[in-house]
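Each chain is listed here by its residues.
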Amino acid sequence: MRDAGRAGDAADTAGGAGGTGGVTGASAVRRRPGRRPGSADTRGQILAAARQIFAEKGFDRATVRGIARQAGVDPALVHHYFTSKAGMFVAVMDLPLNPEEVVPVLLDGPREEVGERIVRFALTLTADAEARQPLLAMIRTAMTNDQVAATVREFFTEELLDRAARGLGIPRIRMEAAFSQMFGLIVMRHVLRLDPLASAGVEELVALFAPTIQRYLTGD
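What counts, and at which threshold
- Residues numbered from 1 in each chain as written.
- Predicted model: local features only at pLDDT ≥ 70, side-chain atom pairs only at ≥ 80, totals over all residues.
- Heavy atoms only, no water.
- Salt bridge = Lys/Arg side-chain N within 4 Å of Asp/Glu carboxyl O.
- Helix = DSSP H or I, 4+ residues; strand = E, 2+ residues; numbered from the N terminus.
- Buried < 20%, exposed > 50% of the residue type's maximum accessible area, 1.4 Å probe, protein only.
- 1 Å grid on protein atoms, 1.4 Å probe; cavity = no way out; pocket = protein on both sides within 12 Å on 5 of 7 lines; lining within 4 Å.
- Points joined across faces, edges and corners; volume = space filled by probe spheres on them.
- Contact = heavy atoms within 4.5 Å.
- Core = buried A, V, L, I, M, F, W, Y, C linked by side-chain atoms within 4.5 Å.
- Phe/Tyr/Trp six-rings, centres within 6.5 Å; stacked < 30°, edge-to-face > 60°.
- Axes fitted to C-alpha atoms, helices over the stretch in contact; angles between N-to-C directions.
- Parallel < 35°, antiparallel > 145°, perpendicular 65-115°, else oblique.
- Left-handed = near helix turned anticlockwise from the far one by under 90°.
- Nonpolar A, V, L, I, M, F, W, Y, C, P; charged D, E, K, R; others polar.
- Patch = residues over 30% accessible without salt bridge, like charges linked within 9 Å, V, L, I, M, F, W, Y side chains within 5 Å.
- Areas by Shrake-Rupley, 256 points an atom, 1.4 Å probe, with all protein chains shown as cover.
- Lys, Arg positive; Asp, Glu negative; His and termini not counted.
- Charge placed at Lys NZ, Arg CZ, Asp CG, Glu CD.

Caption draft 1: Region of the structure containing the pattern of salt bridges. Under the counting rule described, the total for this entry stands at six salt bridges. For E159, the salt bridge identified is with R163, shortest N-O distance 2.7 Å. Residue E159 and its partner R163 are both found in helix α9 (residues 146-168); the two are separated by four residues, about one turn of the helix. Owing to a relative accessible area of 5%, E159 belongs among the buried residues under this scheme.

Caption draft 2: Layout of the layout of surface pockets. Approximately 830 Å³ is the volume found for the largest pocket. For the lining of the largest pocket, the secondary structure elements donating two or more residues are α6 (99-107), α7 (114-127), α8 (129-144), α9 and α10 (172-190). Broken down by element, the residue count for the lining of the largest pocket peaks at eight residues, all from α9.

Caption draft 3: Fine view of the environment of L47. With respect to the helices and strands, the residue L47 is situated in helix α2 (residues 42-61). For the pair L47 and F89, spaced 42 residues apart in the sequence, the C-alpha separation amounts to 9.0 Å. Excluding residues within four positions of it along the chain, L47 makes contact with F82, M88, A91 and V92.

Caption draft 4: Quick look at the nonpolar core. In this structure, M88 and L217 are the most contacted members of the largest nonpolar core, which totals 63 residues. A per-element tally of this core places α9 first, with ten residues.

Caption draft 5: Structural detail: the packing of aromatic side chains. The tally for this structure, following the rule as stated, stands at eight aromatic pairs. Consider the rings of F59 and F89, whose centres lie 5.8 Å apart with planes at 90°: the pair is edge-to-face. Linking F59 in helix α2 with F89 in helix α5 (residues 85-93), this pair joins segments that are 30 residues apart in sequence. Taken together, a centroid distance of 4.1 Å and an interplanar angle of 20° make the contact between F89 and F155 stacked.

Caption draft 6: Representation of the packing of α2 against helix α3 (residues 64-71). It is at 8 Å that the axes of α2 and α3 come closest, and there the two elements cross at 120°. By the angle between their axes, α2 is oblique relative to α3. Handedness of the crossing formed by α2 with α3: right-handed. Together, Q45, I46, A49, A50, Q52, I53 and F54 of α2 and G66, I67, Q70 and A71 of α3 make up the contact between the two elements. Looking at the contact of α2 with α3 residue by residue, the class counts come to seven nonpolar, four polar and no charged.

Caption draft 7: Structural view of a positive patch on the surface. Residues K57, R61, R65 and R69 make up a contiguous surface patch of positive charge. Sorting the residues of the positive patch by element identifies α2 and α3 as the ones contributing at least two each. Assessed through its relative accessible area of 37%, K57 is described here as partly exposed.

Caption draft 8: Local environment of a nonpolar patch on the surface. Together, M143, F179 and F183 make up a nonpolar patch on the protein surface, roughly 290 Å² of accessible area in all. Here F179 lies in helix α10. Looking at F179, the relative accessible area reads 30%, which means it is partly exposed.

Shown next as structure tokens:
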């Protein structure tokens, strides 16, 4: 699920971040004068444009057409390289997951086990050092840069919290409560590295946290 883009880009994006897509066939790509569709640097041009647009407008106000215009390409090429606006944000920030893909998977299963699935997924994902570094870089940047914080907040609200809350049919405040619990756990485990949370095994923490997350989400 990871797109290219280095972890260092997350800090460089202290002025911006972005995501977009929806795959279309090559026949949908229309030529523009003076630029070959699909040239070697097209993807990089789109990502550079996305960084600028997300920095200037945030996640909500950024559009595929605006990013394509900034990159000097047809919007169909943006859709060709990325799955959605969220997908472009994931690529720019080098995040290890795309909520558009992950949320349906987490919600697909018994409702009474959704808390366990979410906790196990978050802990397993962040157990991988390569996967968690871009995520932690984004968190650190957002905590010290109001503009980045606003963009990250818009992204997670729209693509993770709202999407998951709708899927479960629950008020968003319940999803936010669960998210805050998991956010705190990840920070304590991988930023502050507070033992014994930092050294505890995944299954031990799943057993400890899953019932609380389940209660936040469904009241069970």
